[in-house]
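Architecture and fold: a report
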Amino acid sequence: MGNRFGNAYGLTVLVPIKQGTANNRSFDKIIRDQLQRWPKHSGSPFALVPNTYLARAFLLQDVFYQGAPAVEEHLKNKYLVVTSNFFGDLDEYLHGMWEAISDALKTVLKHCYGFDQVVSAADFVLYIKKCKINNSLFFNGSNDRPLPEQLKALYVKQAFIHFAYLSQHFRYQGESGAINLQKSFKRFVALIDIHNLKGNSWPVAAVKVPTDIETTIKATIVTYQESIK
Amino acid sequence: MSATETVLDLHDIQGNIVFGYGRWGYPVSRYLFFKINDKQQGMAFVEALIPLVTSSAPLDSQINEGANKVTTNLAFTYAGLRELGLPDDSMRSFPEDFRMGMKARKDILGDDGPSSPENWDPIWQNNYDVHMFMSINARSEENLIERYEQVLVLLQDAGDGAELLSGHKSQTGEELSQYQSGNAIMLNGKLTANEHFHYADGIGNPVFKGQGRNKADTVGNGKPTRSSPDTQDGWEALETGEFILGHRDESSEYPIAPNPRLLSYNGSFMVYRKLHQNVGKFNDYLQKTSKYYGEDGLSDDEKQETLKAKFAGRWSNGAPLASYPDYASAMKFGEHWEQATHTLYHDPEASTQQKEAARKIYQDLKTKRSGFNYANDSKGASCPLGAHTRRTNPRGSLEFDNKGAFDTPGAMVNRRRILRRGLPYGDSSDRSDDDGEHGTIFMVINASIERQFEFVQQQWINYGNDFKLSNEKDALLGNHELDQGGNPDGKTVINSNKTLGQPTFMCSGMPRFVETRGGDYFFIPSLTALRMIAAGIIDPT
């Protein structure tokens, strides 16, 4: 099945938008406006949905030409398209989505067909599944692990780069350099607390390297003053 | 000569395409930029200049006035060709990169921050003013001035129809000059091939079919084959169409070129960039950072030289890291090179036998200097994966350890080669100075600015993915950014070398060493096209 690649699932949903208007604006324009106002990056509603690798929502108004020779074609409806690559099982993921961002979803989806029937998480899962289309090809560019593990790995990688950079000079301190390096590394290991996924980690959907990683790692390195005590 | 050998009409191709004049004994230059105010007078001015234009034929055989002493070449911006009245159909047929010009391509080139166009020299500040480029290269300052004044007289005849634009920052930075100087750097009273960071420059330049170079010159400078890189079988001349329009290129097609064919045939595209070099920042960074780098037992200066070599992929004296990974062997190369070139070219008392012996050593060293690749260095132990010369000419190393991954080892590289022209400008004898006028007039000649120059600049200088280096930039030329606190944030990794006991070394907090100060994209017509432009008879129908 084209929807699954290892543990990752590629979800594609076309939700038909109601025809007609409210306050002199057609519903698709209202939805577009709402989506454009969604906060970006870590503030995006999708960032709050557990195990989301990459998700996006956009409006499909119409298609005009398809294939060659070009034949003019139109859609019967306008659609809200939602795609998401995520870790794990579809039902579980959709439950998690409803739990995390049902308020944001309701304000948008209330302009779509049939959403007035949705009152519970179970209704929502059913609704989305009805709108789901199957992929014929899906490639997952992620590494197949749950999101918290991936974020932790990103954090550890970044932290270790800082550690390696900040401890390069120990090489020139002979035996005491080796001792200092080991001492620093023990503190580093304690700080990153590698098995604790809830502890220090990479913030969800952060697009810039968080500066506090460097600061906290710096504190693990044995300083000159400390080493001559 | 075999029937398939490429024969070019060198008398029809402008000389700067075939010759890097600086290396051919023309170490002083002036670059002039003109504005065309009137079509007819502008055309007459171009016509008057044609007898001065140097072709690609051997320089001592040209009938043009004094090509053995001074050279002159012309090129045009898109706006310039429009002012000279090229028909709309021809104008529309130029590729988009050239039509947009360099300023509008700043996002592709990474010309931001201090390199952004608002910080360029005044001559580049008025959009579309620069119409025509002229380069004068001469054997001596005297020859140079003579030709310059000859041009000024011809300009006077053109009346108000053409003007020489001022606005190049001069040495003091206060006055503006009517020309941009470019001069080989003198060190200890000797002419050098150095640029302002004091690396020997301009060593590798592509060799293409029909250029009139011998087979030995293709070693290290042509395209790689599967044979050994220190042999003539290891390299072949590149297809002419990579550098000259109207000829077959590396994909066995004719390059995209403007109409009619007579306008583009034997022409090319040129990139002109004035690149400022922050000499003080460079030396300061090296000194500070190299303390924790280098083989044990090296002095501070030697460590500094080692790190400097790792940034470039070559030692200051030109020895490639791929063949000379350690300090001692590189210095030995330099000594032998000095001795051989001295005996060959500068020692009047050397006997014929001594000269003959020196020539053999020189040829051998020249092969070692160019005839190498990175096949035995896929992890970057000798030459880091991100070193400048390895990035800009990967020599077939993009197959990494999958030998045979491509049809030929250079498949990903042969369409990205560029001819480099130009000379350093200004003075950097104060080695701690950043703000003075010193840098490189960097020119590129290629058939496609987008596919060749812009690709190298965007993907290989300011990005690292092709070398498995993620978004790491070229240490020397990269447009290193500032971090969130406003501090320099350039980074590079020097790969480990187990043989020399050197672990991986990370350089960080790197400032921008090179900044753009101006430039544009130019079309270099053939002599035929130049005459047709001057006569107003370009006809695309």
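The shown structure was predicted, so the numbers you read here are calculated from the model rather than taken from an experiment.

Side note on the overall build of chain A
Of the regular secondary structure elements, chain A holds seven helices and nine strands. Its C-alpha radius of gyration of 24 Å places chain A more than 25% over the 17 Å reference for a compact globule of 229 residues. If you line up chain A on its principal axes, its C-alpha atoms span 75 × 40 × 30 Å. Counting the 229 residues in chain A, one finds 38% classified as buried. Carbon together with sulfur atoms contributes 57% to the accessible area of chain A, which is approximately 13,800 Å² in total. Side chains of chain A give 26 positive and 19 negative charges; the mean places of these two sets differ by 5 Å.

Let's talk about the domain arrangement of chain B
Residues and elements named next belong to chain B. Along its sequence, chain B is carved into domain 1 (10-275 + 519-535) and domain 2 (324-370). Computed over C-alpha atoms, the centres of domain 1 and domain 2 are 33 Å apart. With eight residues of domain 1 in contact, the opposing surface of domain 2 contributes five residues. Of the roughly 480 Å² buried between domain 1 and domain 2, counting both surfaces, carbon and sulfur atoms make up 48%. Counting across the interface, domain 1 meets domain 2 through two salt bridges. Across the salt bridge formed by Lys366 and Asp217, the nearest N and O atoms sit 4.0 Å from each other. Where domain 1 touches domain 2, the interface holds zero residue pairs in polar contact (both at pLDDT 80 or more).

Brief notes about the environment of Pro69(A)
Structurally, the position occupied by Pro69(A) is in the loop between β6 (65-66) and β7 (71-72). A C-alpha to C-alpha distance of 64 Å links Pro69(A) and Ser167(A), two positions 98 residues apart in sequence.

Examining the nonpolar core
Tyr272(B) and Phe311(B) are the most contacted members of the largest nonpolar core, which totals 106 residues. Among the elements that take part in this core, strand β1 (residues 28-36) of chain B stands out by supplying six residues, more than any other. Trp38(A), Phe86(A), Leu90(A) and Leu105(A) belong to the second-largest nonpolar core, a separate cluster that totals 33 residues.

Topic: the domain arrangement of chain A
Residues and elements named next belong to chain A. Split by domain assignment, chain A resolves into domain 1 (4-133) and domain 2 (147-227). Between the C-alpha centres of domain 1 and domain 2 the distance comes to 40 Å. Listed as interface residues are six residues of domain 1 and, on the opposing side, seven residues of domain 2. Counting each side, the surface lost to burial between domain 1 and domain 2 is near 530 Å², with a carbon and sulfur contribution of 57%. Ranking the residues of domain 1 by area buried against domain 2 places His41, Asn51 and Tyr53 at the top, with a combined share of 59%. The tally of links from domain 1 across to domain 2 stands at zero salt bridges. The interface formed by domain 1 and domain 2 includes three residue pairs in polar contact (both at pLDDT 80 or more). Looking at the side of domain 1 that touches domain 2, its residues break down into two nonpolar, four polar and no charged.

Topic: the packing of aromatic side chains
Residue and element names in this part refer to chain B. On inspection of all chains with the given rule, the structure shows 49 aromatic pairs over all chains. Ring plane angle 40° and centroid distance 6.0 Å describe the contact between Trp124 and Tyr272, whose orientation is recorded as tilted. With Trp124 in the loop between α6 (106-109) and β3 (132-138) and Tyr272 in strand β12 (residues 268-277), this residue pair connects regions lying 148 residues apart in the sequence. The same class applies to Trp124 and to Tyr272, which are both buried. Across from the ring centre of Tyr199, 4.9 Å away, lies the NZ or CZ of Lys308, which sits over that ring.

A look at the interface of chain A and chain B
Interfaces are often sized by the amount of accessible area the parts lose when they come together. Between chain A and chain B, the residue contacts involve ten residues of the former and 15 residues of the latter. Across the interface of chain A and chain B, roughly 970 Å² is buried in total on both sides, 54% from carbon and sulfur atoms. Per-residue buried area on chain A facing chain B is highest for Gln168(A), Arg171(A) and Tyr172(A); these three make up 57% of the total on that side. For the pair chain A and chain B, the number of links is zero salt bridges. Summed over the shared surface of chain A and chain B, the number is four residue pairs in polar contact (both at pLDDT 80 or more). Counting residues per element, the side of chain A that touches chain B draws most heavily on helix α4 (residues 147-166) of chain A, which supplies three residues.

Observations concerning the packing of α4(A) against helix α6 (residues 211-218) of chain A
Residue and element names in this part refer to chain A. Across the interface, α4 lies against α6 with an axial gap of 9 Å and an inter-helix angle of 50°. By the angle between their axes, α4 is oblique relative to α6. In this structure, α4 meets α6 at a crossing whose hand is right-handed. Taking contact as the criterion, the partners of Tyr155, Gln158, Ala159, His162, Phe163 and Leu166 in α4 are, on α6, Ile213, Glu214, Ile217 and Lys218. Tallied by class, the residues present in the contact of α4 with α6 amount to six nonpolar, two polar and two charged.

Here we look at the pairing of strand β7 (residues 180-183) of chain B
Residue and element names in this part refer to chain B. Side-chain alternation along β7 places Gln180 and Gly182 on a buried face and Ser181 and Asn183 on a face that remains uncovered. Of the pairings in the sheet, the one linking β1 to β7 comprises four bridges and is antiparallel in character. For Ser29, the partnering residue across the bridge sits in β7 and is Gly182.

Some words on the pattern of salt bridges
Residue and element names in this part refer to chain A. Inspection of the entire model under this criterion finds 34 salt bridges over all chains. Across the salt bridge formed by Lys78 and Asp28, the nearest N and O atoms sit 3.6 Å from each other. Linking Lys78 in the loop between β7 and β8 (79-87) with Asp28 in helix α1 (residues 27-37), this pair joins segments that are 50 residues apart in sequence. Overall, the relative accessible area of 32% leaves Lys78 in the partly exposed class.

Describing helix α16 (residues 527-535) of chain B
Residues and elements named next belong to chain B. Among the residues of α16, those classed as buried are Leu527, Ala529, Leu530, Met532, Ile533 and Ala534. Those residues of α16 that are buried lie in contact with α2 (39-49), β2 (70-76), α3 (78-83) and α9 (261-264). With its phi angle positive at about 70°, Gly536 sits one or two positions after the end of α16.

Some points on the pairing of β8(A)
Residue and element names in this part refer to chain A. In terms of burial, β8 is largely enclosed, as seven of its nine residues are buried. Here nine bridges tie strand β2 (residues 8-16) to β8, and the two strands are oriented antiparallel to one another. In the sheet register, Leu11 faces β8, and the bridge partner there is Ser84.

Some remarks on α2(B)
Residue and element names in this part refer to chain B. Looking at α2, one finds that the buried residues are Gly42, Met43, Phe45, Val46 and Leu49. The buried residues of α2 occupy an angular sector of 160° when projected down its axis, which confines them to one face. On its buried side, α2 packs onto β1, β2, β3, α7 (141-157), β4 (162-164) and α16. Its side-chain oxygen 3.2 Å from the backbone nitrogen of Gln40, Asp38 forms the N-cap of α2.

Looking at unusual backbone geometry
The omega torsion across Asn259(B) and Pro260(B) is -10°, close enough to zero to call that bond cis. Along the chain, the position of Pro260(B) falls in the loop between β11 (235-236) and α9. One non-glycine residue, Asn23(A), adopts positive backbone phi at about 50°. Inspection of the secondary structure puts Asn23(A) in the loop between β3 (21-22) and β4 (25-26). Overall, the relative accessible area of 76% leaves Asn23(A) in the exposed class.

Parameters and conventions
- Residues numbered from 1 in each chain as written.
- Chains lettered and ligands numbered in written order.
- Predicted model: local features only at pLDDT ≥ 70, side-chain atom pairs only at ≥ 80, totals over all residues.
- Heavy atoms only, no water.
- Helix = DSSP H or I, 4+ residues; strand = E, 2+ residues; numbered from the N terminus.
- Rg over C-alpha atoms; globule rule 2.2 N^0.38 Å.
- Buried < 20%, exposed > 50% of the residue type's maximum accessible area, 1.4 Å probe, protein only.
- Areas by Shrake-Rupley, 256 points an atom, 1.4 Å probe, with all protein chains shown as cover.
- Lys, Arg positive; Asp, Glu negative; His and termini not counted.
- Charge placed at Lys NZ, Arg CZ, Asp CG, Glu CD.
- Domains from an automatic or database assignment.
- Contact = heavy atoms within 4.5 Å.
- Buried area = accessible area lost by both parts, 1.4 Å probe.
- Salt bridge = Lys/Arg side-chain N within 4 Å of Asp/Glu carboxyl O.
- Polar contact = N/O pair within 3.5 Å; in protein donor to acceptor, adjacent residues only side chain to side chain.
- Core = buried A, V, L, I, M, F, W, Y, C linked by side-chain atoms within 4.5 Å.
- Nonpolar A, V, L, I, M, F, W, Y, C, P; charged D, E, K, R; others polar.
- Phe/Tyr/Trp six-rings, centres within 6.5 Å; stacked < 30°, edge-to-face > 60°.
- Lys NZ or Arg CZ within 6 Å of the ring centre and 35° of its normal.
- Axes fitted to C-alpha atoms, helices over the stretch in contact; angles between N-to-C directions.
- Parallel < 35°, antiparallel > 145°, perpendicular 65-115°, else oblique.
- Left-handed = near helix turned anticlockwise from the far one by under 90°.
- Pairing = 2+ DSSP bridges.
- Arc of directions from axis to C-beta.

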